[in-house]
Amino acid sequence: MENRQAVKLLQELAVPGRRATRFPQCDVPVCDLETLIPEEHRAVKLPAIPEVTEGDIVRHYVSLSQRNMSVDTHFYPLGSCTMKYNPKRHERWANMSGLIDVHPWTDQADMQGLLGILYELQEMLAEIAGLPAVSLHPAAGAQGEFAALLTAAAYFEAKGEKRTKVIFPASAHGTNPASASMAGFDCIQLKASSTGFVDLDSLRKHLCDNVAVFMITNPNTIGLFEKDINTITKMVHDVGGLVYIDGANMNAILGKARPGDFGGDMMHYNIHKTFTGPHGAGGPGAGPIAVRDFLAEYLPGPVITKNRNEDGSSIYQLETPKHSTGRLRAFLGNVGILLRGYFYIRTLGAKGLKEVSEHAVLNANYLLSQLKDVLDVPNGDRCMHEFVASARACKEKGITAMDIAKRLLDYGFHAPTVYFPLVIPEAMMMEPTETESKETLDQYAAAIKKILQEDPEFLHEAPYSTPVSRPDEVKAARNPILAWCPCEVADQSADSPEVATVSG
Ligand SMILES: *Cc1c(COP(=O)(O)O)cnc(C)c1O
């Protein structure tokens, strides 16, 4: 199988003397390196840069990119981490010279256009959230959670209240407890409920005046809109706590429901998920947070403000909130992703964003209806933008969620998220986004039905058509090889490297 042939490393393609570019004849006076760089700062050895032609480099990277699945090449129904199509014209706009060539140290007066765009993005995100104050700073959802929890901690400290606990449901994304403990809180996980909704009795038991924040994803990770969300947020507020909304599932409710309206005090967006920043394998991202006005002075900064010049014209300025928890990123954050989000929102407008959510929810419900006869769907026949199926009945026949996911790759589909959330055995979490056609969803459902008819022994070895089949994921996580150098490879040749896979 051609695909299984090992790709040579760039270093292995190198031939001394090969070049991608050559410099022209020097037309300025030549001087010695010694006169320019003090000895202690000079390298003793030249770096081992592979000597290859431009053609070698292009073929190398293009063929590497073809060994992957992507939103641009395949249906990608990954649950939780929305993977949606990235419109190409937004790429073109984000790459306009006036945006992409702005130097980080450019004077604020000379980047009013960019600051104006980011200011408008703050305003639009505030409107969509129903929460008035926004910081664009965090680089991803997880950092947004962390930033918001630091904001909450600063708020309680200023009020002289000592609150140490953060509560979250059992279906929460792993970043929720990770962020809470990084921010110095004690984590309390609610008992898993069989309905898929937050168990109110369990929540009530843990609520006391020591609770700082309740973190909740809504719609939740099972793809259900928390039907008691107003009661839940009131219960938390009654003990003086704050409600954090994990906004990773905003794709289901854009223009339909606002976290600020159903009781959220703080939330993060995942611009790279909901608003189409191309992402994968851990980045790049942007995770702006939106909060209530009484929390604004603690936000990470700088934030962008709009003021008036003496002549009445407007001027955008960077301002650090009065009691800011500080900087999270250099300069303005992940501007490239923020710009794509801005263009996406502006292209669609309020009506278009609403339609995005309507179509996302419709597609998920259609797919659910096509699969519910062959896979269990433990939490009912209706969902928001995603649903969790379970392969537990198939497991009795020897077919696991992992087998189905792996075999789907052979059929030309990216796998859904598997084994998350942990509260559902053999979980398969599927999120078809709004731009997928009925034909694509039908083909995907047909592939799953066909796979379930295949020989379990055969499925255990799948996939058969991909560059790697079943890497040892534990070893890849524990013992990743992240850099290449000839001496290191020689040392490790007895112990062949596993390929690390990252998702979510
Ligand atoms: C993706 C995700 C996160 C984390 O967001 P990142 O941008 O990947 O850091 C948090 N919660 C949920 C529910 C998610 O799906």
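Values in this document were obtained by computation on a predicted structure and should not be read as measured data.

Student: Which parts of the structure should I look at to understand the site of the ligand?
Tutor: Taken together, Ser80, Ala140, Gly141, Ala142, Glu145, His173, Thr175, Asp246, Ala248, Asn270, His272 and Lys273 make up the full set of residues adjacent to the ligand. Ala142 has a polar backbone atom sitting 2.8 Å from an oxygen atom of the ligand. Contact between the ligand and His272: an oxygen atom at 2.8 Å from a side-chain N or O atom of the residue. Its free accessible area being 380 Å², the ligand has 92% of it covered by the protein chains. Looking at the shell around the ligand, the elements that each hand over two or more residues are helix H7 (141–159) and helix H11 (271–274).

Student: Honestly, helix H10 (residues 229–238) in this entry has me stumped. Any pointers?
Tutor: Residue pairs three or four apart in sequence face the same way in an α-helix, which turns once every 3.6 residues. Residues of H10 that are buried include every one of Ile229, Ile232, Thr233, Met235 and Val236, and no others. Down the axis of H10, the smallest arc covering the buried residues is 155°, so these residues share one side. In H10, those exposed residues whose orientation departs by more than 90 degrees from the buried face are Asn230, Lys234 and Asp238. Where H10 terminates, the next one or two residues include Gly240, which has phi positive at roughly 85°.

Student: How do you make sense of unusual backbone geometry when you look at a structure like this?
Tutor: Outside of glycine, negative phi angles account for most residues, and trans bonds account for most peptide bonds. Cis geometry marks the peptide bond from Gly301 to Pro302; its omega dihedral reads 5°. With respect to the helices and strands, the residue Pro302 is situated in the loop between strand S7 (289–291) and strand S8 (303–308). A cis geometry characterises the amide bond from Ala462 onward to Pro463, with omega recorded as 0°. Mapping Pro463 onto the fold places it in the loop between helix H16 (456–460) and helix H17 (473–478). Backbone geometry places Ser80, a non-glycine residue, at a positive phi of 75°. Structurally, Ser80 is set in the loop between helix H3 (54–65) and helix H4 (88–94). Positive phi, close to 50°, is recorded for Glu426, a residue that is not glycine. Here Glu426 shows up in the loop between strand S11 (417–418) and strand S12 (427–430). A residue is classified by how much of its surface remains accessible, and Glu426, at 9% relative accessible area, is buried.

Conventions we followed
Residues numbered from 1 in each chain as written. Predicted model: local features only at pLDDT ≥ 70, side-chain atom pairs only at ≥ 80, totals over all residues. Heavy atoms only, no water. Near = heavy atom within 4 Å. Polar contact = N/O pair within 3.5 Å; in protein donor to acceptor, adjacent residues only side chain to side chain. Areas by Shrake-Rupley, 256 points an atom, 1.4 Å probe, with all protein chains shown as cover. Helix = DSSP H or I, 4+ residues; strand = E, 2+ residues; numbered from the N terminus. Buried < 20%, exposed > 50% of the residue type's maximum accessible area, 1.4 Å probe, protein only. Arc of directions from axis to C-beta.

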